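# Reading the structure
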Amino acid sequence: MKQYVIKGGTPLVGEVVIGGAKNSALGILAAAVMTDGECHIDNLPNVSDINVLLQAMEQIGATVDRIGPHEVVISGKTIDGDGDLIVDNEFIRKIRASYYFIGALLGKYKKAHVALPGGCAIGARPIDQHIKGFEALGATVEISGGMIHVVAEELIGKHIFMDVVSVGATINVMMAAAMAKGNTIIENAAKEPHVVDAANFLNSMGANIKGAGTDVIRIKGVEKFHNTTYSIIPDQIEAGTFMTAAATTKGDIIIRNVIPRHLEPISQKLQEMGAVVESADDAVRVIASGRLKPTQIKTLPYPGFPTDMQPQMAAAMALSDGTSVIRETIFENRFLYVDELNKMGAQITTEGTQKAVIQGVEGYKGADVVAPDLRAGAALVIAGLAADGYTTVSDIKYILRGYEQFDEKLRNLGGCIELVETEEEAEAFKQRTR
Ligand code: UD1
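Presented here is a report on the structure given in the accompanying data block. What you see as residue numbers is a count from 1 along each chain, following the sequence as written. With pLDDT at 70 or above as the cut-off, local features in this predicted model cover only qualifying residues; side-chain atom pairs require 80 or more to be listed or tallied, and sums for whole chains, interfaces and linings still use all residues. Values reported for side chains reflect all heavy atoms of the structure, with hydrogen atoms and water molecules removed beforehand.

### Concerning the site of the ligand
In the region of the ligand, 19 residues are neighbours, and Tyr99, Gln129, Ser166, Asp308 and Ile330 sit closest. At a separation of 2.7 Å, an oxygen atom of the ligand approaches a polar side-chain atom of tyrosine 99. In the environment of the ligand, an oxygen atom lies 2.6 Å from a nitrogen or oxygen atom belonging to the side chain of aspartate 308. Within the residue set of the shell around the ligand, elements represented by two or more residues are helix H4 (128-136) and helix H5 (167-178). Broken down by element, the residue count for the shell around the ligand peaks at three residues, all from H4. Residues are grouped as follows: nonpolar covers Ala, Val, Leu, Ile, Met, Phe, Trp, Tyr, Cys and Pro; charged covers Asp, Glu, Lys and Arg; every other residue, Gly included, is treated as polar. The residue inventory of the shell around the ligand, partitioned by class, reads eight nonpolar, six polar and five charged. Nearness here has a simple test: a residue counts as near a molecule or strand if at least one of its heavy atoms is within 4 Å of that partner. Pairs of N or O atoms are called polar contacts if they sit within 3.5 Å, as long as, within protein, a hydrogen donor faces a hydrogen acceptor (for residues adjacent in sequence, only side-chain-to-side-chain pairs). Helix numbers and strand numbers start at the N terminus; a helix is a DSSP run of H or I with at least 4 residues, a strand a run of E with at least 2.

This is the structure we're talking about:
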């Protein structure tokens, strides 16, 4: 039973290097099965969701050569296209991004049988827009036995208007359409950096996709993809998490290997709260001292404030000098951290599923808390680092799915945190650090 034990109260100071974007990598790795050539992909984050996806690729016959923790060579040539193409195992059922195999396999092989997506319990997370897109391209979609079955005689480009802005549906339909006959237009597309990254990757294999990063994506289908070498963009949310940790612990962190433009919504909010944010070409520095000011956030599709940063920002807002308000408009179950932060002395109340009102307090007190999902877990770690005394964050399996060497990176910044597996190890850490 892995948990983090944290002795709080030390400002985080120093430098941290951000890894590749998990959510980009998940789409890009799935797309790699679309070429019979070799895809050499680097800046891959070494987190469990990625390893689960790579394993599932091997199970459908792809050759996966992990040449380093952050580098992989994938060849789809060994996949038997006449086989059933079933993507299912105990682990893939737990991750959200399994759905990317539907678009990728449908595009290349015109069929896919994929376990229905799992992921964090942050909301209902339907996939109706993915299905609408596949059907518009000519596929037949059926859901049975916990699987989604998608087949098509042929895929034909179409004009598709998404009813909601969805990152997953945009990338998924873009992948299938990249190998459809003729032209596809996706309107009301998501504009997140990982949509652009997935399009750039597909184009590097020979796809013809224009407009990714705007709300209209135009795709001219091609028959075949070729070899590519590609580097995944830095993780906007990992970077934002460290930025928020600097602000919450009144620290001073230089965050390297980032694209500052992607961090703009987060930088602006932290500045409003009184932190200093300095941007360079591929780094940002966040400096905070004294009490943060309260603020308001409303989560929105990119370039709005990212829902994946909402819990970490709440950890900072809970220590501000006044009342802050969060409006969550993307997912309906994203306040699971509230009871846990309140155990640490925060004063947060929720009104329905979309609004949280945060009355700032002067400090957190260490407590035993449970990580309810990935980003909520990160928020609890940040609070623990700022808290007076010891905090134990248990059920960290979600955190390990999305943050590489989280505890090690925090220790390098002076954070007093350890990943322990037993009560004895937790006690030994406390004895050592008392
Ligand atoms: C991705 C990210 C996740 C992030 C989210 C929003 C991955 C693996 N995960 O999730 O970390 O929080 O983007 O930035 O990249 N929706 C529908 N129908 C659909 C699809 C989505 O109604 O078919 C709704 C969802 O319920 C949600 C909203 O659209 O309210 C946005 O969801 P979406 O962008 O699809 O999120 P994910 O791709 O699941």
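Read on for the rest.
### Focus on the packing of helix H9 (residues 310-317) against helix H11 (residues 374-386)
In contact at an axis separation of 7 Å, H9 and H11 are set at 25° when each is read in the N-to-C sense. One finds that H9 runs roughly parallel with respect to H11. The handedness of the crossing between H9 and H11 is right-handed. Touching Pro311, Gln312 and Ala315 of H9 are Arg375, Ala376, Ala378, Ala379 and Ile382, all from H11. Among the residues forming the contact of H9 with H11, the class breakdown is six nonpolar, one polar and one charged. Fitted lines through C-alpha atoms serve as axes, helices being fitted only where they are in contact, and the angles separating the N-to-C directions of these axes extend from 0 to 180 degrees. To sort the angles, those under 35 degrees are grouped as roughly parallel, those over 145 as roughly antiparallel, those from 65 to 115 as roughly perpendicular, and the leftovers as oblique. Definitions for this section: a left-handed crossing has its near helix turned counterclockwise from the far helix by less than a right angle. A right-handed crossing has that turn clockwise. Only heavy atoms enter the contact rule, under which two residues are in contact if any of them lie within 4.5 Å.

### A short note on a negative patch on the surface
By definition, no residue in a patch forms a salt bridge, and every one has over 30% relative accessible area; like charges are joined within 9 Å, nonpolar side chains (Val, Leu, Ile, Met, Phe, Trp, Tyr) within 5 Å. All accessibility values rest on the Shrake-Rupley procedure with a 1.4 Å probe; residue burial counts only the protein chains present in the view. We define a salt bridge as a contact between a side-chain nitrogen of Lys or Arg and a carboxyl oxygen of Asp or Glu at a distance within 4 Å. Note on charges: Lys and Arg go in the positive column, Asp and Glu in the negative column, and His and the chain ends are not counted at all. The atom standing in for a charge is NZ when the residue is Lys, CZ when it is Arg, CG when it is Asp and CD when it is Glu. A surface patch of negative charge is lined by Asp368, Glu421, Glu423, Glu424 and Glu425. Ranked by the residues each element gives to the negative patch, the list is headed by helix H14 (residues 423-433), at three residues.

### Description of unusual backbone geometry
Cis geometry is found at the peptide bond from tyrosine 302 to proline 303, where omega equals 10°. By the secondary structure assignment, proline 303 is in the loop between strand E18 (296-298) and H9. Backbone geometry places lysine 110, a non-glycine residue, at a positive phi of 65°. Unlike most non-glycine residues, asparagine 188 shows phi in positive territory, near 60°. Inspection of the secondary structure puts asparagine 188 in the loop between strand E11 (183-187) and helix H6 (193-204). Remark: exposure states derive from per-residue accessible area (1.4 Å probe, protein chains only) relative to the maximum for the residue type, with buried under 20%, exposed over 50%, and partly exposed in between. Among the residues examined, asparagine 188 registers a relative accessible area of 22% and is labelled partly exposed.

### Notes on the sheet that holds strand E4 (residues 63-68)
Read across the open sheet, the four strands follow the order E4-E5-E3-E14; overall the sheet is mixed. The open sheet is flanked by E4 and strand E14 (228-231), the only strands paired with a single partner. Taken over all neighbouring pairs, the strand axes of this sheet differ in orientation by 15° on average, direction set aside. The sheet contact formed by strand E3 (residues 38-42) and E14 spans four bridges and is parallel. When the sheet's bridge partners are listed, isoleucine 41 is paired in E14 with tyrosine 230. Taken strand by strand, helix H2 (residues 48-59) contacts E4 and strand E5 (71-75), and its axis lies near 145° from that of E4. Strands are treated as partners if at least two bridges between them are detected by DSSP.

### Observations regarding the sheet that holds strand E22 (residues 368-370)
In space, the four strands of this open sheet follow the order E22-E23-E1-E24, with mixed pairing throughout. At either margin of the open sheet sits one strand with a lone partner, and together these are E22 and strand E24 (416-420). Adjacent strand axes in the sheet meet at a mean angle of 20°, parallel and antiparallel pairs treated alike. When strand E1 (residues 3-7) meets E24, the two strands line up antiparallel, connected through five bridges. Paired with valine 5 across the bridge in E24 is glutamate 418. Relative to E1, H11 is tilted by about 25°, and along the sheet it contacts E1, E22, strand E23 (390-394) and E24.

Worth remembering: the numbers are spatial, not functional.
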